[in-house]
Each structure stands twice: as structure tokens, then as C-alpha cells.
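Take a look at the letters that make up each chain.
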Amino acid sequence: GFGGMVTEIDFDPTTLPQDNTDFPIGIQAGDARSDQVLLWTRYFGSDNLILRVYTPSTPGRAFIFFDGPATPDAEGFVHLDVSALPAGTELSYVFLEDQGGTLVARSPIGRFVTAFAGTARQRVRFGATSCTNNSRRPFSALPIAGQERFDFFILAGDATYNDSANTLTEYRNIWGPQIGSGSYQALLQSTAHYATWDDHEVDNNWNPETIGAARLNAATQTFFEFLAVRPEAPLRVWRSFRWGDTVEVFVLDSRSERLPSTANGPNAQYISTEQMNWLKTGLQSSTAVFKILVNSVPITNFPGLFDFAQGDRWEGYAAQRVELLDFIVDNSIPGVLFISGDFHLGASAFVEPAGKYAALREVLAGPGDQNGNILAPTLGAPQFPLSTTTSNYTIFDADPNATPPSISVEFIDDAGSSFYTELITY
């Protein structure tokens, strides 16, 4: 059923023992496209490592889509970009320990889904969260999210809080136990992710104009080491992913390109000119019904006491915020939804309470597990249909064929209970 490129062999990885010593922080899939995915592990063993991408067929047998060596770097990291995969397909993967031609043990077994190709217009169901404070492990919401079998999952920033780290070793020592924890692995093994960073992957509210280069380099290196993120260019976080004509996901970098010294001026730089031009071009040329902007820090106009910290978000860089929102509205770009985090609260929001941008929507996904924002109760309808500090993950069900096209948004708490649902129509 998969064509001539795929072979069927005797293979059932569950018959091999899982080696948690040599794979101490598990596996990941990330940055899935219609024909490729980035598969990841950190391996501490000495055997030859093989990566196998497959789907079970009859009992004891499997269709094999990739079967090849996976060579760890000096620190044990494997980032293997697997291509020539079938589009819109649920696949499994596993790293295998090979001793002289005999498979002796394995990593955990993972699952991912490749994106739809071409003009396919089907429903996409994905999840998102943000803000998982290391001190609050285990994160009860994440294993529940892992049971959802999402098409993909968005890590919207602050996946780990590294504020105390300065050196490469210190950053690694925080990342490993966090991303390798049982609750994070229950999620990461279940589907591929699209990840961005926020401030705590580096340091709380860090300033790109003043941070020490050595510290920033260490933080950046560990972000790419510990996540299945494919750098489009050296150390570039922003990139995009299309699911046919249903969804295009634009993963933004809302942190590392800021120039705070420009914030109040006419040339305010919150994201670089290069990133802004890429985003505008992508939005204008996208044929997808829905454009998801993974924004990390909200673009919504937050009222009242929130303005004491507006310098840390889009609002503090007013000229560039207006530039982006004007572009979306003036060009009638349809189907835009911002997804963000950072604030230690979950929310459904209208970007402005009134005026030109009032129809634009943003959802703050999460917090996965964090001390709640004490200002959350000050937010309310009509601009904020939801404001919550409950630990959660957020489900997005994007239906391009509904009339009108719609995205269902649902918040699930850390006991697995749904506590808010909304239908956003376009």
C-alpha cells in the first residue's frame, strides 16, 4: 500500500528490552514536513546505533520507511533528518542498539505524523502549552496531552527555566532532567513538536543588547542540542511549516532579535527586518486557510496593571506591532491566529478591545505548570472570554471545510478535565 520504496520485514521492537541507561532522556520528533522529520535522542552507550522508521503491518512485521545508522556527536546527541517519507501518514520510530549485527536493546518507541502535501484540505488537530517551571515537576498535564495522539504539538516557549545557568555545562544540566522527565517524555514520544523559545531558555527577560556573548552562545547551543529543531540557518529559530492548504505554522522568534534601545521610536525592532519581511511574504503568499503565528509573547493589548511590564512584549515596541497588525488587516490576510504563552496564564483574547484590529484573535496556551499570574483575574469579557491560571494544555481543532472555516479551542487541566471550549470562526 506504500509503493515500491517501502520494504516489509520481520520486525517488532517491543520484543527488545528498552535501555533507559543508554537513552536516559528519551527521544523526540520535531519540525515535521510532508516528506521529512527531524528525529532526536541522546545516546550514552557504545553500540552501533540504528534508527528505524516504520509502521506495523501484520503481527511481528512492519513496513520500513527508513533504516540507517544514527551517529551521535561527541556529547551523545543525535539529530537525524529523515526524508522521502509519505505525506499525511502516522509513523513510528525507534533507535536500536546493534552489536555485531544483532539488535540487543532499544530506545523508547515514538510516534509522529507527516504533514499533508500540496493542496490537501483536511482537519488538523494539534496541542500547545508554555511555561513549565522545572521546580514543579512532574507536569501532570503533559502525559494527558500525550494520550491525545495529536497531529503535532506546539512548545510556545519557556519549556525550561534556565535563569541560574551561565555556562554550557550548567545549561545542559538543567535541560537534561527537564526534557528527559517522564512527563515531558510522555508528551514528546507521542507526536512531533514545533518549538520556539521565550526568555527563560536563556534568562528572565534577557536583553539581547547587553547579555554576555558567552552566556547567550551557551543558551542557544543547548536549545538546539536538546530539542528536535532544525536550524534553517545558523542558530535561526524562526521557520514555517505547511499542512497542505489547511494550516501554515509560522514559528516566530520574539526574543533574540529585539533592540530595546529602539523600543519607543519609529524604527522599533522587536523582530528583525529580515524576520518581519519573511513573515509578511509568508502570510501574503500562503494558500493555507489558517495561519498560526507561534508568538511566545502576546501581541494582544493587555490593560491596566499589565502595562507596568509592556516593555517586555509587542506593546512596548508599538511602531513594529502596528506595522505587523496593519499588514494583516490592510492586506485582508484571512485565518490568522496568534498562539503565545509567557504570561503564566491561559487566555482567549481579542487583540484589541475596539478599532481596526479588534477582530484579530490570540490564544495564550498553557501554562503547562507554573505559579499563576496574580493579574489574571483582572482580565474579562468581552476582550478576554477566558483568563485562567490553571495548569493546562490547549487543544486546537482546525477545520478548513466547516462553514465558515473554524478552529475549536479547548483547555484541558492537569487532571484531564476540559474546562473551557470556544469556536473561533473565520
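In this report, we go over the structure that sits alongside the text.

Parameters and conventions
- Residues numbered from 1 in each chain as written.
- Predicted model: local features only at pLDDT ≥ 70, side-chain atom pairs only at ≥ 80, totals over all residues.
- Heavy atoms only, no water.
- Axes fitted to C-alpha atoms, helices over the stretch in contact; angles between N-to-C directions.
- Helix = DSSP H or I, 4+ residues; strand = E, 2+ residues; numbered from the N terminus.
- Parallel < 35°, antiparallel > 145°, perpendicular 65-115°, else oblique.
- Left-handed = near helix turned anticlockwise from the far one by under 90°.
- Contact = heavy atoms within 4.5 Å.
- Pairing = 2+ DSSP bridges.
- Expected span 1.5 Å × (residues − 1).
- Buried < 20%, exposed > 50% of the residue type's maximum accessible area, 1.4 Å probe, protein only.
- Phe/Tyr/Trp six-rings, centres within 6.5 Å; stacked < 30°, edge-to-face > 60°.
- Core = buried A, V, L, I, M, F, W, Y, C linked by side-chain atoms within 4.5 Å.

Observations regarding the packing of helix H5 (residues 273-285) against helix H6 (residues 318-330)
Running from N to C, H5 and H6 cross one another at 15°; their axes reach a closest spacing of 11 Å. Comparing their axes, H6 and H5 come out roughly parallel. Here H5 runs over H6; the crossing is right-handed. For the pair H5 and H6, contact is made by Met276, Leu279, Lys280, Leu283 and Gln284 and by Gln320, Glu323, Leu324, Phe327 and Ile328, respectively.

A few points about the sheet that holds strand S4 (residues 48-56)
Pairing within the open sheet is antiparallel, and its five strands lie in the order S1-S5-S4-S7-S8. The strands lining the two open edges of the sheet, one partner per strand, are strand S1 (7-10) and strand S8 (102-113). Put simply, the sheet's adjacent strands are angled 40° from each other on average, direction ignored. Here S4 runs beside strand S5 (residues 61-69); their pairing, made up of seven bridges, is antiparallel. Bridge pairing in S5 links Leu51 to Gly68.

With respect to H5
In this model H5 runs 18 Å from its N-terminal to its C-terminal C-alpha over 13 residues, within 8% of the 18 Å that 1.5 Å per residue would give. Where H5 is concerned, the buried positions are Gln275, Met276, Trp278, Leu279, Lys280, Gly282 and Leu283.

Some points on the sheet that holds strand S13 (residues 247-251)
Overall, mixed pairing links the seven strands, which are arranged S12-S13-S14-S15-S17-S16-S18 in an open sheet. Of all the strands in the sheet, just strand S12 (239-243) and strand S18 (386-388) have a single pairing partner and so form its edges. If you compare each strand with its neighbour and ignore which way they point, the axes differ by 20° on average. Sheet topology note: the strand S15 (residues 336-340)/strand S17 (residues 361-364) ladder contains four bridges and is parallel. Within the sheet, the bridge partner assigned to Ser340 lies in S17 and is Leu364. Sitting on the sheet, H5 is in contact with S12, S13 and strand S14 (290-296), with an inclination near 175° to S13.

Topic: unusual backbone geometry
Residue Pro367 is reached from Gly366 by a cis peptide bond, and omega for that bond is 5°. By secondary structure assignment, the location of Pro367 is in the loop between S17 and S18. Notably, Arg149 is not glycine yet its phi reads approximately 55°, a positive angle. Mapping Arg149 onto the fold places it in the loop between helix H1 (141-146) and strand S10 (152-155). Taking relative accessible area as the criterion, Arg149 reaches 49% and is therefore assigned partly exposed. The phi dihedral of Ser296 is positive, around 55°, even though this residue is not glycine. Within the secondary structure, Ser296 sits in strand S14. Residue classification places Ser296 among the buried residues on the basis of a relative accessible area of 0%.

Focus on the packing of aromatic side chains
Tallied over the entire structure, the rule returns 29 aromatic pairs. Seen from their ring centres, Trp175 and Phe226 are 6.0 Å apart, and the 10° between their planes marks the pair as stacked. Residue Trp175 is located in helix H2 (residues 168-179), and its partner Phe226 is located in helix H4 (residues 213-226); the two are separated by 51 residues in the primary sequence. Note on accessibility: Trp175 and Phe226 belong to one class, buried. Ring centres 5.7 Å apart and planes at 70° place the aromatic pair Phe290 and Tyr426 in the edge-to-face group. One end of the pair, Phe290, is in strand S14; the other, Tyr426, is in the segment after strand S21 (418-425), and 136 residues separate them in sequence. On the basis of relative accessible area, Phe290 is assigned to the buried category, the value being 0%. Take Tyr426: its relative accessible area is 29%, and that puts it in the partly exposed class.

Points about the side chain of Ser406
By secondary structure assignment, the location of Ser406 is in strand S20 (residues 406-413). Once residues within four sequence positions are removed from consideration, Ser406 is found in contact with Phe290, Asp397, Ala398, Asp399, Leu423, Ile424 and Thr425.

Focus: H4
If you check H4, its first and last C-alpha atoms are 20 Å apart, about what 14 residues at 1.5 Å a residue would give, namely 20 Å. Among the residues of H4, those classed as buried are Arg215, Ala218, Ala219, Thr220, Thr222, Phe223, Phe224, Glu225 and Phe226. Looking at the buried residues of H4, the elements they touch are strand S2 (27-30), strand S3 (37-42), strand S6 (77-82), H2 and strand S11 (193-195).

Comments concerning the pairing of S8
One ladder, built from nine bridges, connects strand S7 (residues 90-99) with S8; its direction is antiparallel. Looking at the pairing, Asp98 lines up with Leu103 of S8. Where S7 hands over to S8, the hairpin turn is made up of two residues, of which Gly100 adopts a positive phi near 55°.

A word on the pairing of S20
Counting buried positions along S20 gives six out of eight residues, so the element sits mostly inside the fold. Both strand S19 (residues 392-399) and S20 contribute to a ladder of eight bridges, which runs antiparallel. Residue pairing for S20: Asp399 is matched across the bridge by Ser406. Between S19 and S20, which pair antiparallel and follow one another directly, the connecting turn spans six residues. Relative to S21, S20 runs antiparallel, the two being bridged by seven bridges. The partner of Ser406 across the bridge, within S21, is Thr425.

Some thoughts on the nonpolar core
Judged by nonpolar contacts, the single largest core of 53 residues is most densely connected at Leu39, Phe95, Phe112 and Ile292. Contact partners of Leu39, with chain neighbours within four places excluded, come to Gln28, Ala29, Leu51, Val53, Val78, His79, Leu80, Val82, Tyr93, Phe95 and Phe112.

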